[in-house]
Amino acid sequence: MLGKESELTALAEQSTNDRVLVILQMHGGNDGLNSVIPIAEYDEYYSRRANIAIPRKDNNRSLIELDNNMPAASQVGLHPDMGAMKELYDMGRVGIIQGVSYKNNNGSHFRGRDIWFMGGGYNDYYSSGWVGRYLQQAYQPQTYPDDFPNAEMKDPLAIELGSDVSLIFHQQGNIPASISLGSNPESFANLIEELEGFEDEGVDPRGKPPEAMKNSPYGKEMEWILGLEDKTEDYAERLSEVWQASSETSATYPETYPFNAPTGSKKNPLSGQFQLIARLLDGGGAGQGVKTKVFLLRIGGFDTHAEQVESFDPTMGVHAARMYHISTAIKAFQQDLRNRGLED
């Protein structure tokens, strides 16, 4: 895997464009066969899951044929609540790659997530992730975090939304190259500013060790941690400035799922996250947005077990709501970028 990765990295390093990678992580194990449905093998698909299979023909809700110009053996359909994704496909804005996995799948959500985050095989245990290693190589000879932020790169190398710092962004040496944002950059900046640190005799409010301990292992570790704190303050201030300078979206983002689903599945959890990314990339226009190369946002709730669909209609329920949330939010995000002149 790492040999192939070096080839891909070499190609990526030849690029001089300002393209950005936005990763949507779907927690819990999405039902891929009810998302991209194998029309060519529909009879077998239906026989294996008659209680949850998406109908091929129905008066109201049935699978959406993606592209009838494709060879019969390659024909697939989309979940009926992925109409927005079909529209993007017809516009040339969506491509689908099937059968992406790793050998000897162990069936664990958590271990499986670590495997694809680290970019290794089922028996590998790297302390770094594939995006972190890419960023580490792409910005050589500068090293993160020591040489950042700087005049050329004022922004975080990667940003993930939520409260976690994921393995995918860890560089070799187990150092994360990302920062984690909460609801918006202003709240993040306020949170950083309000941190008080420790207060004790002989220790300053930030928790810095006394001078006598400066060269001790403890002192060196604390200096390194406090250096990261200073960088976080710089990033928080920068992101807040970009956020405030950017305009609110003129695109219409979806708010709720319009059909039957449990109450907790109704609200679209992605709209706010995508709007945040669009505003940071914009930054008020004229190249004032962040130069961050990779973003990660999340949607959970795919570990549905026997509650994936409504008993009276396999096209509705928790999974259907999430397919709708993803498709409509991505379409709105694409329109948002287009309105801001950032689509390309």
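Parameters and conventions
- Residues numbered from 1 in each chain as written.
- Predicted model: local features only at pLDDT ≥ 70, side-chain atom pairs only at ≥ 80, totals over all residues.
- Heavy atoms only, no water.
- Patch = residues over 30% accessible without salt bridge, like charges linked within 9 Å, V, L, I, M, F, W, Y side chains within 5 Å.
- Areas by Shrake-Rupley, 256 points an atom, 1.4 Å probe, with all protein chains shown as cover.
- Salt bridge = Lys/Arg side-chain N within 4 Å of Asp/Glu carboxyl O.
- Lys, Arg positive; Asp, Glu negative; His and termini not counted.
- Charge placed at Lys NZ, Arg CZ, Asp CG, Glu CD.
- Helix = DSSP H or I, 4+ residues; strand = E, 2+ residues; numbered from the N terminus.
- Phe/Tyr/Trp six-rings, centres within 6.5 Å; stacked < 30°, edge-to-face > 60°.
- Buried < 20%, exposed > 50% of the residue type's maximum accessible area, 1.4 Å probe, protein only.
- Pairing = 2+ DSSP bridges.
- Axes fitted to C-alpha atoms, helices over the stretch in contact; angles between N-to-C directions.
- Contact = heavy atoms within 4.5 Å.
- Polar contact = N/O pair within 3.5 Å; in protein donor to acceptor, adjacent residues only side chain to side chain.
- Parallel < 35°, antiparallel > 145°, perpendicular 65-115°, else oblique.
- Nonpolar A, V, L, I, M, F, W, Y, C, P; charged D, E, K, R; others polar.
- Expected span 1.5 Å × (residues − 1).

Looking at this structure, how should I read a negative patch on the surface?
A contiguous patch of negative charge on the surface is contributed by Glu193, Glu233, Asp234, Glu237 and Glu241. For the negative patch, the element with the most residues is helix 8 (residues 217-245), which contributes 4 residues. Residue placement: Glu193 occurs in helix 7 (residues 185-194).

What is the right way to read the packing of aromatic side chains from this model?
For any pair of aromatic rings, the description consists of the separation of the ring centres together with the inter-plane angle of the planes. Taken as a whole and assessed by the stated rule, the structure comprises 8 aromatic pairs. Note on Trp116 and Phe117: the rings are 4.8 Å apart at their centroids and 55 degrees apart in plane angle, and the pair reads as tilted. On the basis of relative accessible area, Phe117 is assigned to the buried category, the value being 3%. When the ring of Tyr144 is compared with that of Phe148, the centres are 5.9 Å apart and the planes differ by 45 degrees; the resulting orientation is tilted.

Honestly, the sheet that holds strand 5 (residues 158-161) in this entry has me stumped. Any pointers?
Sheets are built from strands paired through backbone hydrogen bonds, the pairs being either parallel or antiparallel. If you walk across this open sheet you meet the 4 strands as 1-9-5-8, and the pairing is parallel. Where the open sheet ends on each side, the last strands, each with one partner, are strand 1 (21-26) and strand 8 (178-181). Sheet twist, expressed as the average angle between the axes of neighbouring strands with direction ignored, equals 20 degrees. With 6 bridges connecting them, strand 1 and strand 9 (residues 294-299) associate as parallel partners. The residue of strand 9 that forms the bridge with Leu24 is Leu297. Where helix 10 (residues 318-339) meets the sheet, it contacts strand 1 and strand 9, and its direction lies at approximately 170 degrees from that of strand 1.

What am I meant to see in the environment of His170 here?
Relative to the elements of secondary structure, His170 occurs in strand 6 (residues 170-171). Sequence-distant contacts of His170, defined by excluding residues within four places in its chain, comprise Ser127, Ser128, Gly129, Gly132, Arg133, Val165, Ile175 and Pro176. Side-chain polar atoms of His170 contact the side chain of Asn174, separated by 2.8 Å.

Would you take a moment to explain the side chain of Lys231 for this structure?
Examined against the element boundaries, Lys231 turns out to sit in helix 8. Buried charge Lys231 goes without a salt bridge, the closest partner of opposite sign being Asp146 at 5.9 Å. In terms of polar contacts, Lys231 uses its side chain to reach the backbone carbonyl oxygen of Pro145, at 2.8 Å. The residues touching Lys231, leaving out its near neighbours within four places in the chain, are Pro145, Asp146, Phe148 and Pro149.

How should a nonpolar patch on the surface be read in this particular structure?
Taken together, the side chains of Leu21, Trp116 and Trp130 make up a nonpolar region of the molecular surface, amounting to roughly 270 Å² of accessible area. Along the polypeptide, Trp116 turns up in helix 5 (residues 109-118). The class of Trp116 is partly exposed, set by a relative accessible area of 37%.

I tried to follow the packing of helix 4 (residues 83-90) against helix 10 on my own but got confused; where do I start?
Helix packing for two helices is described by the angle between their axes and how far apart those axes are. At a minimum axis distance of 7 Å, the contact between helix 4 and helix 10 shows a crossing angle of 40 degrees. Regarding the angle of helix 4 to helix 10, the classification is oblique. On helix 10, the residues that touch Ala84, Met85, Glu87 and Leu88 of helix 4 are Ile326, Ser327, Thr328, Ile330, Lys331 and Gln334. Among the residues forming the contact of helix 4 with helix 10, the class breakdown is 5 nonpolar, 3 polar and 2 charged.

I tried to follow helix 8 on my own but got confused; where do I start?
One turn of an α-helix holds 3.6 residues; hence residues three or four places apart share an orientation. An ideal rise of 1.5 Å per residue puts 42 Å on 29 residues; helix 8 measures up with 43 Å between its terminal C-alpha atoms. Here helix 8 has its buried residues at Gly219, Met222, Leu226, Lys231, Tyr235, Ala236, Arg238, Leu239, Ser240, Val242 and Trp243.

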